[in-house]
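# Observations on the model geometry
Read off the chains here:
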Amino acid sequence: MPGPGAYWIGEEEKKEINEVVDSKYWFRYGNMKDPNFKHKVFDLEQELCQKFQCQHALATTSGTASLLVSLLALGVKPGDEVIVPAYTFVASYTSIIFAGGVPVLTEINDSLTIDPEEIKKRITPKTKAIMPVHMLGNPCDMSAIMDIASEKGLPVIEDACQAFGAQYGGKSCGTIGNIGAFSLNFFKTITSGDGGLVATSDKDLYERAFGFHDQGHLPNRTGVEVGNRLILGLNFRMNELTGAGALAQFRKLPKLLTRLRTLKTSLKEKLRGTPGIRFRTINDEAGECGTLLTVIFETAEKAKAVGELLGTGPIARSGWHVYSNMEHVGAHLASVGQPHGFGSYPKTDDLLLRAMNISVGVVDGGLGAGFGVNINSTDEEVAQVADRFRNAVAQTS
Ligand SMILES: *Cc1c(COP(=O)(O)O)cnc(C)c1O
């Protein structure tokens, strides 16, 4: 079961993609004056800049690639430490590791995003950057994080892969720090199957990220630039078919977020007052995506019992985003002397054992969100889901 954008794939995506198919020109670079070159990837980057009010955008093959080229652009080198939450998708960690850096896991708070107070404790002379992750569509406490970063002179790389379109204090998530990464995989807010984007207003970071994503080339090359390449790069270029799908989805983003926020408000109001639960803290109520509704129970036992009745469970028992469920990351952290394994981050462990995700737009068992509604659910279905939840809570008390 995918994210909300996937539920809304339709004629608009077909039209954009078919234009590229018919043009037979599937590569992102071309002659802008040639009517046969549809420049969908270029348009996607431009439209993101306009909508998100940033200077530069770069399309890539995935959120993971976006994180990697952003970290490399920031100059993360072997041995550098990057501060990252203990609750996130594995790619936040692996991108740091493949840049040569050391992920320094940090406790989360009631918002299920990184705790700014805990960031302070994790800063060492080796710290190179801070990577807040806007988990489950909820913006991090960016004003506190940016204050710490500027006080310590550290750059911020936002992992906005789960928060495409979210805003914090009126600014688009992914454009608040020095550089930000987005994902277009099938489970995200909007999708092109797979794909990613980078946003920054720093020209130097943009050119470096661009080079890492395309064999060291400068932005939007039209030929081979022998003599001008300053860095070594790899290939994470988005192709025109992906760009076409992403462009159609990106244009649906405002409408999609409005729908999700309405749905979430309705579900939340119906659950409000359920004994023994509270909602996670949302750092920007108007700006969050509304992809999931997270409830926090008083005890882990209660969360488990209610989850069993609903065919789901607490986040701690879900597959993908819990550090202690990532044996491969744990093995790496052990090898670099970092805390790992259940119990290493007790506040995070405690919260994830008591928290449950209810789907609103992202229906994903891997997130612990196999129970809930989806973007096309009717008012009646929302009411049914709320009743089932309240009944399960009542039955287990
Ligand atoms: C999905 C995700 C990524 C990686 O995105 P891909 O496009 O799947 O590579 C990175 N970070 C977070 C928090 C994510 O949820």
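Relevant structure appears above.
Along each chain, residues carry numbers from 1 onward, in the same order as the chain's sequence is written. Two thresholds apply to this predicted model, a pLDDT of at least 70 for residue-level local features and 80 or more for giving and counting side-chain atom pairs, whereas whole-chain, interface and lining totals are computed over all residues. The side-chain values count all of the structure's non-hydrogen atoms but skip hydrogen atoms and water molecules.

A few words now on the overall build of the protein chain. The number of helices and strands found in the protein chain is 13 helices and 12 strands. Taken across its 397 residues, the protein chain has 58% of its residues classed as buried. At a minimum sequence separation of 6, the contacts of the protein chain that also span at least 24 residues come to 68%. All accessibility values rest on the Shrake-Rupley procedure with a 1.4 Å probe; residue burial counts only the protein chains present in the view. Entry remark: accessible area of the protein chain is about 15,800 Å², with carbon and sulfur atoms responsible for 53%. Note that His is not counted, nor are the chain ends; the positive residues are Lys and Arg, and the negative ones are Asp and Glu. Charge coordinates come from a single atom per side chain, which is NZ of Lys, CZ of Arg, CG of Asp or CD of Glu. Side-chain charges in the protein chain split into 40 positive and 44 negative, and the spacing between the mean points of these groups amounts to 1 Å. Helix and strand assignments follow DSSP, with helices taken as H or I runs no shorter than four residues and strands as E runs no shorter than two, numbered in order from the N terminus. The buried label goes to any residue with under 20% of its type's maximum accessible area, the exposed label to any with over 50%, and the partly exposed label to all in between, with areas taken from a 1.4 Å probe on protein chains only. Every residue pair with non-hydrogen atoms within 4.5 Å of one another is taken to be in contact.

Nearness here has a simple test: a residue counts as near a molecule or strand if at least one of its heavy atoms is within 4 Å of that partner. In the neighbourhood of the ligand, 16 residues make up the surrounding shell, with Gly63, Thr64, Asp159, Ser183 and Lys188 lying closest. Throughout this description, a polar contact denotes any pair of N or O atoms lying within 3.5 Å of each other; where both atoms belong to protein, one of them has to be capable of donating a hydrogen while the other can accept it, and for residues adjacent in sequence the pair is counted only when both atoms sit in side chains. In the environment of the ligand, an oxygen atom lies 2.7 Å from a nitrogen or oxygen atom belonging to the backbone of Gly63. Out of a free accessible area of 380 Å², the ligand has 94% covered by protein chains. Elements with a contribution of two residues or more to the shell around the ligand: α4 (63-73) and α5 (90-98).

Here we take up the sheet that holds strand β9 (residues 196-200). In short, DSSP must find at least two bridges between two strands for them to pair. Read from one edge of the open sheet, four strands run β1-β9-β8-β5, paired in mixed fashion. Because the sheet does not close on itself, it has two edges, and the strands there are β1 (56-60) and β5 (157-159). Along the sheet, successive strands turn relative to each other by an average axial angle of 20°, direction set aside. Taken strand by strand, α4 contacts β1, β5, β8 (179-183) and β9, and its axis lies near 165° from that of β8. Note on definitions: angles span 0 to 180 degrees between N-to-C directions of axes, and those axes are lines fitted to C-alpha atoms, for helices only across the stretch in contact. Docked against the sheet, helix α8 (residues 203-213) engages β1, β8 and β9, running at close to 15° with respect to β1.

The three strands lie next to each other as β10-β11-β12, forming an open sheet whose pairing is antiparallel. Only two strands of the sheet have a single partner each, and these edge strands are β10 (277-279) and β12 (355-359). On average, each strand axis in the sheet is inclined to that of its neighbour by 35°, with strand direction left out of account. The strands touched by helix α9 (residues 240-271) are β10, β11 (292-297) and β12; relative to β11, the strand with the most contacts, the crossing angle is about 20°.

Phi at Leu112 takes a positive value of approximately 65°, unusual for a residue other than glycine. Along the chain, Leu112 turns up in the loop between β3 (102-106) and α6 (116-122). Under the relative-accessibility criterion, Leu112 is labelled buried at 0%. Phi at Gln215 is positive, roughly 50°, even though this residue is not glycine.

Each patch groups residues whose relative accessible area exceeds 30% and which form no salt bridge, using 9 Å between like charges and 5 Å between nonpolar side chains of Val, Leu, Ile, Met, Phe, Trp and Tyr. Salt bridges are identified by distance alone: a Lys or Arg side-chain nitrogen within 4 Å of an Asp or Glu carboxyl oxygen. Judged by side-chain polarity, Ile9, Phe186 and Phe187 come together as a nonpolar surface patch covering roughly 270 Å² of accessible area. Examined against the element boundaries, Ile9 turns out to sit in the loop between α1 (4-7) and α2 (11-23).

A separate point is helix α13 (residues 379-395). Between the first and last C-alpha of α13 there are 24 Å, a value that for 17 residues agrees with the 24 Å anticipated at 1.5 Å per step. Listed in full, the buried residues belonging to α13 are Val382, Val385, Ala386, Phe389, Ala392 and Val393. The arc that holds the buried residues of α13, viewed along the axis, is 125°, so those residues lie on one side. Facing away from the buried side of α13 by more than 90 degrees, the exposed set consists of Glu380, Ala394 and Gln395. Buried residues in α13 make contact with α9, β10, β11, α10 (300-310) and β12. In a helix, the anticipated span is given by 1.5 Å times the number of residues less one. What the arc measures is the spread of directions leading from the helix axis to the C-beta atoms.

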